[in-house]
Amino acid sequence: MNNKRLLNALNLKENDHRPIWIMRQAGRYLPEYRKVREKYSFREVSETPELAAEVTLQPLKRFEFDASIIFADIITPLKAMNINFDFSPGPIIENPINNPRQIDALPDKFYEVAPEVQASLKLVKSELKSHQTLIGFGGAPWTLAAYLIQGKGQKDFPAIRRFASEHPESLQSLLTKLSDLSIQYFKEQIDSGAEVIQIFDSWAGLLSIKDWQTWIQPHLLHIVSALKASNIPVILFLQNANHLVEYYCELPISGIGVDWRVDLSKLQSKLKDHIAVQGNLDPAILLAGPEITKKYAINLLNSIDPKGHIMNLGHGILPNTPIESVHALIEVIKNER
Ligand code: 1CP
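In what follows, the accompanying structure is described. Please read these numbers as outputs of a predicted model, since none were measured by experiment.

## As for unusual backbone geometry
In step 1: A cis amide bond, omega -20°, links Ser 88 with the succeeding residue Pro 89.
In step 2: Tracing the chain through its elements places Pro 89 in the loop between strand E2 (85–87) and strand E3 (91–93).
In step 3: The amide bond that connects Gly 279 to the next residue, Asn 280, takes the cis arrangement and shows omega of -5°.
In step 4: Among the secondary structure elements, Asn 280 is positioned in strand E8 (residues 276–281).
In step 5: For Phe 157, which is not glycine, the phi dihedral falls at a positive 40°.
In step 6: The topology assignment puts Phe 157 in the loop between helix H7 (141–150) and helix H8 (158–166).
In step 7: Using a relative accessible area of 1% as the deciding quantity, one classes Phe 157 as buried.

## So, the site of the ligand
In step 1: The environment of the ligand is formed by 25 residues, the closest being Arg 24, Tyr 33, Tyr 147, Ser 202 and His 315.
In step 2: Within the side chain of Asp 73, an N or O atom sits 2.8 Å from a nitrogen atom of the ligand.
In step 3: Interatomic distance of 2.6 Å between a side-chain N/O atom of Ser 202 and an oxygen atom of the ligand.
In step 4: In the complex, the protein chains occlude 88% of the 880 Å² of accessible area that the ligand would expose alone.
In step 5: Along the lines of polarity and charge, the residues of the shell around the ligand split into 15 nonpolar, 6 polar and 4 charged.

## Concerning the sheet that holds E8
In step 1: Reading across the sheet, the 7 strands line up as E1-E4-E5-E6-E7-E8-E9 and stay open at both edges, with parallel pairing between neighbours. Because the sheet does not close on itself, it has two edges, and the strands there are strand E1 (67–69) and strand E9 (309–313). Neighbour-to-neighbour, the strand axes of the sheet open up by a mean angle of 25°, direction not taken into account.
In step 2: Relative to E8, strand E7 (residues 255–257) runs parallel, the two sharing 3 bridges. Each bridged residue has a counterpart across the sheet, and for Ile 256 the counterpart in E8 is Val 277.

Criteria and cut-off values
Residues numbered from 1 in each chain as written. Predicted model: local features only at pLDDT ≥ 70, side-chain atom pairs only at ≥ 80, totals over all residues. Heavy atoms only, no water. Helix = DSSP H or I, 4+ residues; strand = E, 2+ residues; numbered from the N terminus. Buried < 20%, exposed > 50% of the residue type's maximum accessible area, 1.4 Å probe, protein only. Near = heavy atom within 4 Å. Polar contact = N/O pair within 3.5 Å; in protein donor to acceptor, adjacent residues only side chain to side chain. Areas by Shrake-Rupley, 256 points an atom, 1.4 Å probe, with all protein chains shown as cover. Nonpolar A, V, L, I, M, F, W, Y, C, P; charged D, E, K, R; others polar. Pairing = 2+ DSSP bridges. Axes fitted to C-alpha atoms, helices over the stretch in contact; angles between N-to-C directions.

Have a look at this one:
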């Protein structure tokens, strides 16, 4: 048995207990994170390897998590495409894409996508304990394009859905460029020590099955197939995409992360001995404090076979989460056997 629980789970191997990590585990619920953010902006932290490494490691100093996820954002690699952006608090794109000419002008060859992320990964890797796994990540092409065209996070992202109907060929060209950028970015992360790649397709749920087959499936297949040679497991995370989960699971991936709307136990029985499942406690439950968190976490664990289960929340931890609720989760996991 490998001592890295996350890798064991992704390889559907036994563990002494399930691995646990939490999306947005370096974040505003931690006083030490808020302290760093009082002095530095999100961009300064994510673009300065020493600061990015410091906040990436903060949650691991407090909690016995099995993985660390590098502190950056899904839109970080877009800089290499000459896209300017900022955060307030979510991504704001300086010149959102609204015509095909802008897409033609985007580069399709990149020298180095994000050297600062590579430096952060190396710093974090050198500090991890042997059982902890380093996760690299990025956004799926559709989700990145949703920001590029809408210009910011917006409910249901109407701009990209309109663009898809007006300029389908141009949107395919953008998604192809984003896929090539992502492949290079993920390979850089792997070269710098990432042992797992998680791809966030947070806005996949906007599409019908037919549109998913047009705008998402070919690009994700291209990315995941390109990473096969590196032998690094890929986890896909989706949100609000219950109708699409089974289609994602047909991609050659090692793990699927879903939000709390999905019945994880049913999903696991469909996928047995095929793909690991990750999630999916509702992050809002943690707001109710440690006792209620424990009750719901135990119920979740009892409904899921530990083999091939990675404990996580169904989405990012909320900023006003009590620290005690996170301790309660770890306790439940450790007492499981
Ligand atoms: O004020 C702050 O502290 C900044 C908030 C913040 C943080 C902590 C943003 C802006 N990004 C991040 C880091 C981040 N983003 C990580 C770091 C690692 C960790 O999990 O600890 C990760 C994995 C992401 C991924 C991300 N960014 C996603 C996919 C996951 C999801 O939430 O569905 C998405 C959609 C984004 C876009 C984004 N960046 C930031 C925000 C607040 C958002 C979402 C809201 C919006 O669209 O406006």
